[in-house]
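Inside the fold
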Amino acid sequence: MTAATDTAVLAPTDPAGVPRRARLLRTELPGPRSRELESERRRHVTDGFGVTLPVFIDRVEGSLLVDVDGNRIIDFASGIAVTSVGAANPRVAERAAAQLSRFTHTCFMVTEYSSFVEVCRWLNEHTPGDFEKRTALFSTGAEAVENAVKIARSATRRPNVLVFDEAYHGRTQLTMAMTAKENPYSLNFGPLPGSVFRGPTAPAHLAPASDTGALVASALAGVEAVLAEAGAETFAAMVIEPIQGEGGFVVHAPGFLAGLREIATRHGIVLVIDEIQAGMGRTGTLFASEQDGVAGDITLSAKALGAGLPLSAVTGRAELMNAVHAGGLGGTYAGNPVACEAALAVFELLEDGSLLAGARSIEKAVRDRFEPLLAHDAAGLASAGIVSVRGRGAMMAIEFGDASGPRGDVAKAAAAAANAAGVLTLTCGTHGNVIRLLPPLGIEPEVLDEGLAVLEAAISGALA
Ligand code: PLZ
């Protein structure tokens, strides 16, 4: 980049006159260079991929995405909860680069390397559950889910899988079937694999905090009913996200996950906790399920594990993980050595707890700003308003609705306005009516505040 651009990043308004990193719009978004590249993209890339903000990124500095037109965009997406340590973390770059120059690949099934073993050891030591564990590494989240089901089926010799309302587990054939929402994920892609059953959940935001007992009891009874219908003894696995991500940042009411734990144990079903989005520090603890006091028999990691290099993991009870016949698990790229080095850097960065504290202060900043704007009587709302502010740590959501129900149009308009103003913001939820915030855990407080202020203005505009 030119010296002129570098000078422009210094926000002249900084009170102490100290140079700081800041959002900067040099053009409208997308700018002219991004628009040129977008028309190239339309000529060469399938239209099957969607895009939130059609802006092309040149580099990342801290929590700012710098695009090809020199705009500096505040990152509230982290590449969908992946770059929790930042998308250009020097320690990740250093370890990955050193590995790149040693070797890029051997295939762990052909000859081995110690970083693979070190990643497995760290995960065995840090995933919830006070029992002996083993880990298998893969590349994508969906692959981790698929392999957890393979392992559970092999260990139990049972066919069926229980998943939940609002669940998201991936885009492969089996994980599409496990994902609740049809459009866009499985529309026209059937027939889907069978043996997948769906049970109800107990979303904490649907009951007053003081009175979630009835909600949890009825959801757990619903789960038992689904199991009973097909025969509880036919279920290999029960797969649940500790906080549901794509489905709307749904936090389970206290006792729901513990209830599932009890049901799974009673019926000999493998409880698989999909921490792919919520894990690796995102919610203020290493794993979100720690906060529910629940350990899965198998815990899944991906996304932030490799800081953007493709890496996923299945960590579980040694006797389950070893029940598979030799040679039954694997993959050419499973546990790639460059991705393993990135994960080892992520573990180093998580060690002193400051990123976990960062996640918790993000929650506080989001709650402080948006909870005062909550509609008091959501059911009585004549026009749209904020009906829920929820989440944990750096996984926070703002939901929109009115008396008639969800208002996806408002979430979409507010997110679009924030994006146009240089604050990259995603939506989620079955009805698309939830704005979700997933900033890097170490986002600078002044960048976070500026981003939240822009988002607040975008929301006010969309509600007006
Ligand atoms: N399990 C809980 O959140 C991926 C999906 C984005 P992959 N979520 C982002 C999209 O539209 O494709 C995810 C998840 C949970 C599994 C997955 C799947 O992880 O690495 O995308 O395969």
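The model shown is predicted, which means the values in this text are computed figures rather than measured ones. (Residues numbered from 1 in each chain as written. Predicted model: local features only at pLDDT ≥ 70, side-chain atom pairs only at ≥ 80, totals over all residues. Heavy atoms only, no water.)

On to the sheet that holds strand E6 (residues 196–199), then. Reading across the sheet, the seven strands line up as E4-E12-E11-E10-E7-E5-E6 and stay open at both edges, with mixed pairing between neighbours. The open sheet has two free edges, formed respectively by strand E4 (133–138) and E6, since each of these has just one partner strand. The sheet shows a mean angle of 20° between the axes of neighbouring strands, direction not considered. In this sheet, strand E11 (residues 298–301) lies alongside strand E10 (residues 270–274) in parallel orientation, the contact comprising three bridges. By the bridge assignment, Asp274 is partnered in E11 with Leu300. (Pairing = 2+ DSSP bridges. Helix = DSSP H or I, 4+ residues; strand = E, 2+ residues; numbered from the N terminus. Axes fitted to C-alpha atoms, helices over the stretch in contact; angles between N-to-C directions.)

The topology assignment puts Ile459 in helix H14 (residues 445–463). Sequence separation of Ile459 and Ile269 is 190 residues, and the distance between their C-alpha atoms is 44 Å. Here Ile459 is in contact with Phe370, Ile386, Ile398, Phe400 and Ala414, once residues within four sequence places are set aside. (Contact = heavy atoms within 4.5 Å.)

A word on the domain arrangement of the protein. In many reports, interface size means the accessible area that the parts give up when they come together. When its domains are assigned, the protein resolves into domain 1 (32–75 + 354–463) and domain 2 (93–350). Relative to domain 2, the C-alpha centre of domain 1 lies at a distance of 26 Å. Residue-level contacts link 24 residues of domain 1 with 25 residues of domain 2. Of the roughly 2,000 Å² buried where domain 1 meets domain 2, counting both sides, 57% is carbon and sulfur surface. At the surface where domain 1 touches domain 2, the tally comes to two salt bridges. The tally of links between domain 1 and domain 2 comes to 14 residue pairs in polar contact (both at pLDDT 80 or more). For the side of domain 1 that touches domain 2, the secondary structure elements donating two or more residues are helix H12 (354–370), strand E13 (385–392), strand E14 (395–402) and strand E18 (434–437). Among the residues making up the side of domain 1 that touches domain 2, the classes are represented as 14 nonpolar, five polar and five charged. (Domains from an automatic or database assignment. Buried area = accessible area lost by both parts, 1.4 Å probe. Salt bridge = Lys/Arg side-chain N within 4 Å of Asp/Glu carboxyl O. Polar contact = N/O pair within 3.5 Å; in protein donor to acceptor, adjacent residues only side chain to side chain. Nonpolar A, V, L, I, M, F, W, Y, C, P; charged D, E, K, R; others polar.)

Moving on, we come to the pattern of salt bridges. Applying the stated criterion across every chain, the model contains 28 salt bridges. Residue Arg392 is joined to Asp292 by a salt bridge in which the shortest nitrogen-to-oxygen separation is 3.4 Å. Note that Arg392 is positioned in strand E13 and Asp292 in the loop between E10 and E11, a separation of 100 residues in sequence. One exposure class covers both Arg392 and Asp292, and it is buried. Several salt bridges converge on common partners, so that one network encompasses Arg91, Glu94, Arg95, Arg102, Glu341 and Glu348. (Buried < 20%, exposed > 50% of the residue type's maximum accessible area, 1.4 Å probe, protein only.)

Under the definition given, this model contains eight aromatic pairs. Ring centres 4.9 Å apart and planes at 70° place the aromatic pair Tyr168 and Tyr185 in the edge-to-face group. Placement of the pair is Tyr168 in the loop between strand E5 (160–164) and helix H7 (173–178) and Tyr185 in the loop between H7 and E6, with a sequence separation of 17 residues. For the pair Tyr168 and Tyr185, a shared accessibility class is recorded, and that class is buried. Every member of this aromatic cluster is reached through a ring pair, and the members are Phe103, Phe108, Tyr113 and Phe116. (Phe/Tyr/Trp six-rings, centres within 6.5 Å; stacked < 30°, edge-to-face > 60°.)

Attention now goes to the sheet that holds strand E2 (residues 64–67). Strand order in the open sheet made by the four strands is E1-E2-E3-E16, with mixed pairing throughout. What marks the edges here is a single partner per strand, and that holds for strand E1 (57–61) and strand E16 (423–424). Relative to strand E3 (residues 72–75), E2 is paired through three bridges, and the arrangement is antiparallel. The residue bridging Leu64 from the neighbouring strand is Ile74, located in E3.

What follows is about the pairing of E3. The side-chain alternation of E3 yields two buried faces, one formed by Arg72 and Ile74 and the other by Ile73 and Asp75. In this structure, the hairpin formed by E2 and E3 is closed by a connection of four residues, where Gly70 is found at a positive phi of approximately 85°. Relative to E16, E3 runs parallel, the two sharing two bridges. Within E16, the residue paired with Ile74 across the bridge is Val423.

What follows covers the site of the ligand. In the vicinity of the ligand, 15 residues are found, and the nearest of them are Gly141, Ala142, Arg171, Asp274 and Gln277. Gln277 places a side-chain nitrogen or oxygen 2.9 Å from an oxygen atom of the ligand. Lys303 places a side-chain nitrogen or oxygen 3.0 Å from a nitrogen atom of the ligand. Starting from 510 Å² of accessible surface for the ligand in isolation, the protein chains cover 82%. Class assignment of the residues belonging to the shell around the ligand gives a composition of five nonpolar, five polar and five charged. (Near = heavy atom within 4 Å. Areas by Shrake-Rupley, 256 points an atom, 1.4 Å probe, with all protein chains shown as cover.)

Okay, helix H13 (residues 408–420) next. Between its first and last C-alpha atoms H13 spans 18 Å; for 13 residues at 1.5 Å apiece the expected length is 18 Å, and the two agree. Those residues of H13 not exposed but buried are Gly408, Val410, Ala411, Ala414, Ala415, Ala418 and Asn419. One side of H13 carries all its buried residues, which in axial view fall inside an arc of 165°. Close packing links the buried residues of H13 with E14, strand E15 (405–406), E16, strand E17 (426–428), E18 and H14. Gly422, located one to two residues past H13, shows a positive phi value of around 90°. (Expected span 1.5 Å × (residues − 1). Arc of directions from axis to C-beta.)

Take the confidence of the model for the protein next. Confidence along the protein averages 95 in pLDDT terms, with 96% of residues attaining 70 or more. Predicted confidence is poor over residues 1–19, with pLDDT under 50, and the contacts of this stretch with residues over four places away or in other chains come to 18 contacts. (pLDDT = per-residue confidence, 0-100.)

Before going further, it helps to examine unusual backbone geometry. For the peptide bond that leads from Leu29 to Pro30, omega is -10°, which places it in the cis range. Here Pro30 is to be found in the loop between helix H1 (3–8) and helix H2 (32–44). With an omega of 5°, the peptide bond running from Gly190 to Pro191 counts as cis. Inspection of the secondary structure puts Pro191 in the loop between H7 and E6.

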